[in-house]
Amino acid sequence: MDAIRNGWFSELSPLWPGQAMSLEVEEVLYSGRSKYQDVLVFKSKTYGNVLVLDGVIQCTERDEFSYQEMIAHLPLMSHPNPKKVLLIGGGDGGVLREIAKHSCVESVVQCEIDDKVIEVSKKYLPKMASGYDNPKLTVNIGDGFDFMKKNKGSFDIIITDSSDPIGPAEALFQKSYYELMKEALRPGGIVCTQGECMWLHLDLIRDMQEFCSGLYQHVDYSYCTIPTYPSGQIGFVLCSTNPDTNFMDPVRKFTDEQLEELNIRYYNADIHRASFVLPQFVKKALKAPKTKVNNQPQEDGQNGEK
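Here's what I pulled together on the structure shown here. Because the structure is predicted, anything quoted here is derived from the model rather than measured.

Here we have seven strands laid out as an open sheet, ordered S9-S8-S7-S10-S11-S13-S12, and mixed in their pairing. Two strands bound the open sheet, and with one partner strand each, they are strand S9 (137–141) and strand S12 (218–225). Averaged over all pairs of adjacent strands, the angle between their axes in this sheet comes to 15°, without regard to strand direction. Across eight bridges, the pairing between S12 and strand S13 (residues 233–240) is antiparallel. Across the sheet, the residue bridging to Ser222 is Phe236, located in S13.

What follows is the structure, encoded as structure tokens:
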């Protein structure tokens, strides 16, 4: 509750020093602590209900669809016939909602360590939590690391909908986690993970690209826009065990009728392709030798490298 002052919630974090996203609060709907983290849900003046974990915005009713759709449909539309899907995290249910829009998927397993997130999402974020209505879904409350160790070679798609790399979630951005996901994939499998912000975390993104390229046959980075995430943007790391995968060209496509029928509001085939087109300062940073990166494009063409 310390983040709410004078009727405004402000998102402060060492991961984005010197800046903060603020939302005007109409009503606090829930405030408490689970076994793992502080959980806050409030009704905002302009973005609907908002879920906050450890002081960081996870989703809002107004703009959640851009992130949820992209992290789900980018990998699913890059696989010719995804049947078995594993979701790590995603307790608000939004990614599950999007996975359910693929009739070819036969089974979905979710590993969510914090059942309190699921509980409050079902109560205060019902449009996202509708993903829990999927009869193909099995929910496993527990650690995703342990689950994957016991289920090697089991999934066509693994999606990691994680919070930022601070505290327990830090392990989800390390090489050992990507090694574990690779072992849990079936032949030709794909992983897609939350890939942080190009304006703030180029060092982290480049490190992830580097170690993923040593593990997978094909690795790429894309992004979407979303107003309430830091700097209004969030990225995705996509990796495939199939050397013929071309993430920029989806192998399956929704028709215009399906997009309308399935209420898909951000993703389409054109956005899929365009999301991999990176600004020049990001392209150069991801290809540059491993030195400290300043997350500001430089006028002298040095791409923010010190």
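Turning our eyes to something else, we now look at helix H7 (residues 202–213). Its twelve residues place the ends of H7 16 Å apart at the C-alpha level, agreeing with the 16 Å of an ideal helix rising 1.5 Å per residue. Of the surrounding elements, those touching the buried residues of H7 are helix H6 (175–184), strand S11 (185–194), S12, S13 and helix H10 (280–287).

It is worth spelling out the pairing of strand S8 (residues 107–112) at this point. Taken across its six residues, S8 has five buried, putting it largely inside the fold. Inspection of the sheet shows strand S7 (residues 84–89) paired to S8 by five bridges, in the parallel sense. Considered in S8, the bridge of Val85 is made with Val108. With helix H2 (residues 94–99) bridging S7 and the parallel S8, this β-α-β connection has right-handed handedness.

With that settled, the discussion passes to unusual backbone geometry. Non-glycine residue Asp54 carries a positive phi angle of around 50°. If you trace the backbone, Asp54 turns up in the loop between strand S5 (49–53) and strand S6 (56–60). In the Ramachandran plot, Ser231 falls in the positive-phi region, its phi being about 65° despite a non-glycine side chain. Mapping Ser231 onto the fold places it in the loop between S12 and S13.

Moving on, we come to the pairing of strand S3 (residues 21–33). Each regular strand displays side chains that alternate between the two surfaces of the sheet. As judged from the four bridges shared by strand S2 (residues 8–11) and S3, these two strands associate in the antiparallel manner. Along S3, the bridge assignment pairs Trp8 with Glu24. Where S3 hands over to strand S4 (residues 38–44), the hairpin turn is made up of four residues, counted between the paired strands.

The next subject is the nonpolar core. Counting residues in hydrophobic clusters, the biggest one holds 36 residues, and the most contacted among them are Ile99 and Phe236. At the level of secondary structure, the elements contributing two or more residues to this core comprise helix H1 (64–76), S7, H2, strand S10 (155–161), S11 and S13. For this core, the element with the highest residue contribution is H1, accounting for seven residues. Formed by 35 residues, the second largest nonpolar core is a distinct cluster that contains Met181, Val191, Val237 and Leu278.

About the thresholds
Residues numbered from 1 in each chain as written. Predicted model: local features only at pLDDT ≥ 70, side-chain atom pairs only at ≥ 80, totals over all residues. Heavy atoms only, no water. Pairing = 2+ DSSP bridges. Helix = DSSP H or I, 4+ residues; strand = E, 2+ residues; numbered from the N terminus. Axes fitted to C-alpha atoms, helices over the stretch in contact; angles between N-to-C directions. Expected span 1.5 Å × (residues − 1). Contact = heavy atoms within 4.5 Å. Buried < 20%, exposed > 50% of the residue type's maximum accessible area, 1.4 Å probe, protein only. Right-handed = clockwise from strand over helix to strand, strands pointing away. Core = buried A, V, L, I, M, F, W, Y, C linked by side-chain atoms within 4.5 Å.

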